Amino acid sequence: MPSLNVTFTDEELEEVRAAAAAEGKSLKQYVHDLPLRERRRRQFVRYAASWGEAHRSEFDDAFPDEVPPAGRKRGADAA
């Protein structure tokens, strides 16, 4: 099975150890899971952003005073 050596400063390693302990995982399991968790996070963010864009007009219609409608200029350009 392929493996990887990763170098950390003493401070970084302490932070990673603390994060692993907080999740109840071994250091090895925690470091193994990080890229997998990041991939799932990116997938979620992509889906959430596309869902938001697909439903933007519904939000604008339902809450006209909450957020400027998508087509309206924002910030200093709105004046």
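Everything numeric here is computed off the predicted structure, so don't read it as measured data. (Residues numbered from 1 in each chain as written. Predicted model: local features only at pLDDT ≥ 70, side-chain atom pairs only at ≥ 80, totals over all residues. Heavy atoms only, no water.)

Along its length, the protein carries three helices and zero strands. Tracing the protein from N to C terminus, the helices and strands come up as α-α-α. Looking at the 79 residues of the protein, the share that counts as buried comes to 6%. Accessible surface, the protein as shown: approximately 7,000 Å² in total, 56% of it carbon and sulfur. (Helix = DSSP H or I, 4+ residues; strand = E, 2+ residues; numbered from the N terminus. Buried < 20%, exposed > 50% of the residue type's maximum accessible area, 1.4 Å probe, protein only. Areas by Shrake-Rupley, 256 points an atom, 1.4 Å probe, with all protein chains shown as cover.)

Applying the stated criterion to the full structure yields one aromatic pair. Each ring, one from Phe 59 and one from Phe 63, has its centre 5.0 Å from the other, and the planes form 40 degrees; the classification is tilted. Look at Phe 59 and you get partly exposed, because its relative accessible area is 37%. For Phe 63, a relative accessible area of 41% gives the class partly exposed. (Phe/Tyr/Trp six-rings, centres within 6.5 Å; stacked < 30°, edge-to-face > 60°.)

What follows covers the pattern of salt bridges. The full count for this structure, using the stated rule, is seven salt bridges. Between Glu 23 and Arg 37 there is a salt bridge whose closest N-O contact spans 2.7 Å. Here Glu 23, found in the loop between α1 (10–22) and α2 (27–54), pairs with Arg 37, found in helix α2; they are 14 residues apart in sequence, far enough to count as distant. For Glu 23, a relative accessible area of 36% translates into the label partly exposed. Taking relative accessible area as the criterion, Arg 37 reaches 31% and is therefore assigned partly exposed. Among the ionic pairs, Glu 53 bridges to Arg 56, the shortest N-O distance being 2.3 Å. Among the charged side chains, a salt-bridge network with shared partners connects Glu 23, Lys 25, Asp 33 and Arg 37. (Salt bridge = Lys/Arg side-chain N within 4 Å of Asp/Glu carboxyl O.)

Okay, α2 next. In a regular helix each residue adds 1.5 Å, so 28 residues correspond to 40 Å; α2 covers 40 Å between its end C-alpha atoms and thus fits that length. The axis of α2 is deflected most strongly, by about 30 degrees, at Leu 34, and proline Pro 35 appears within four residues downstream. (Expected span 1.5 Å × (residues − 1). Bend = angle between axes of the 7 residues up to and from the residue.)

Where α1 meets α2, the closest approach of the two axes is 9 Å, and the angle between their N-to-C directions is 95 degrees. In terms of their interaxial angle, α1 and α2 are classed as roughly perpendicular. Along its contact with α1, which presents Leu 13, Val 16, Arg 17, Ala 19 and Ala 20, the element α2 presents Leu 27, Tyr 30 and Val 31. Per-class residue counts for the contact of α1 with α2 are seven nonpolar, no polar and one charged. (Axes fitted to C-alpha atoms, helices over the stretch in contact; angles between N-to-C directions. Parallel < 35°, antiparallel > 145°, perpendicular 65-115°, else oblique. Contact = heavy atoms within 4.5 Å. Nonpolar A, V, L, I, M, F, W, Y, C, P; charged D, E, K, R; others polar.)

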